[in-house]
Amino acid sequence: MIFGGIQKTSTIDFPGVLSCVVFVRGCDMNCFYCHNREIIAGSAGEFLPETEILAFLEKRRGLLDGVVVSGGEPTLQPDLAGFLQKLRVMSYRIKLDTNGQRPELTESLWREGLLDYVAMDVKALPRDYVSVCGADGFAKVKDTIARLSALEAKFE
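Residues numbered from 1 in each chain as written. Predicted model: local features only at pLDDT ≥ 70, side-chain atom pairs only at ≥ 80, totals over all residues. Heavy atoms only, no water.

**Comments concerning the state of the cysteines**
1) Next: A complete count under the given rule lists zero disulfides for this structure.
2) Next: Cys27 supplies the cysteine sulfur nearest to Cys34, a cysteine that is in no disulfide, at a spacing of 6.6 Å.
3) Next: Looking at Cys34, the relative accessible area reads 27%, which means it is partly exposed.
4) Next: Take Cys133: it sits in no disulfide, and the sulfur closest to it among the cysteines is that of Cys31, at 3.5 Å. (Disulfide = S-S within 2.5 Å. Buried < 20%, exposed > 50% of the residue type's maximum accessible area, 1.4 Å probe, protein only.)

This is the structure we're talking about:
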């Protein structure tokens, strides 16, 4: 995982769960209003080693209840499932923040029991996706919503 930052405590990012937020680098969209623009580029810029993130979470076991994996776009990380499994071993509840562009992966992570909550950022109206995000991704967002709904997953 390529991490671009961490917010060590949050009471607002995971509904009802005291959590921390880890931000991964890289995104497949380029939304003009992005508030994490400095981590859009995947491997460029500063990063935090996964070992440092895991060491922090190990020390906070019993103090924090959950971890929010945000970005950038977490589903671009090839070792996302492995990282989520490590969080499960530490008994953390897990929330994924995603742009909804990988419906199959998001569904698979839910089915594997690696997620407790998903927040999907619907970036714009369907007709405005390309001008707002630099890519046409609304159909994939709809697919992700349909898959999570069919699973009766907790998501927003």
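**Considerations on the side chain of Ser70**
1) Next: For Ser70, the position within the fold is in strand E3 (residues 66-70).
2) Next: Polar side-chain contacts of Ser70 include one of 3.1 Å to the side chain of Asp97.
3) Next: When neighbours within four sequence positions are excluded, Ser70 is seen to be in contact with Val21, Val22, Phe23, Val24 and Asp97. (Helix = DSSP H or I, 4+ residues; strand = E, 2+ residues; numbered from the N terminus. Polar contact = N/O pair within 3.5 Å; in protein donor to acceptor, adjacent residues only side chain to side chain. Contact = heavy atoms within 4.5 Å.)

**Examining the nonpolar core**
1) Next: Core analysis: the biggest nonpolar cluster contains 36 residues, and Leu57, Val69, Phe83, Leu84 and Leu87 have the highest contact counts within it.
2) Next: If sequence neighbours within four positions are ignored, Leu84 has contacts with Val69, Ile94, Leu109, Leu114 and Leu115.
3) Next: Counting seven residues, the second-largest nonpolar core is a separate cluster that includes Val21, Phe23, Ile39 and Val68. (Core = buried A, V, L, I, M, F, W, Y, C linked by side-chain atoms within 4.5 Å.)

**Examining helix H1 (residues 50-59)**
1) Next: If you check which residues of H1 are buried, you get Glu50, Ile53, Leu54, Phe56 and Leu57. Along H1, the residues classed as buried sweep out an arc of 160° about the axis, all on the same side. Of the exposed residues in H1, the ones pointing more than 90 degrees away from its buried face are Thr51 and Lys59.
2) Next: Lining the buried residues of H1 we find strand E1 (3-10), strand E2 (19-24), E3 and helix H2 (80-89). (Arc of directions from axis to C-beta.)

**Quick look at the sheet that holds E2**
As a general point, the strands of a sheet are linked pairwise by backbone hydrogen bonds and lie either parallel or antiparallel.
1) Next: The sheet built from five strands is open, its strands ordered E1-E2-E3-E4-E5 with mixed pairing. This sheet does not close on itself; its edge strands, each paired only once, are E1 and strand E5 (117-120). Recorded for the sheet is a direction-independent mean angle of 15° between the axes of neighbouring strands.
2) Next: Bridge analysis of strand E4 (residues 93-98) against E5 gives four bridges, and the strand direction is parallel. Across the sheet, residue Leu96 finds its bridge partner in E5, namely Val118. (Pairing = 2+ DSSP bridges. Axes fitted to C-alpha atoms, helices over the stretch in contact; angles between N-to-C directions.)

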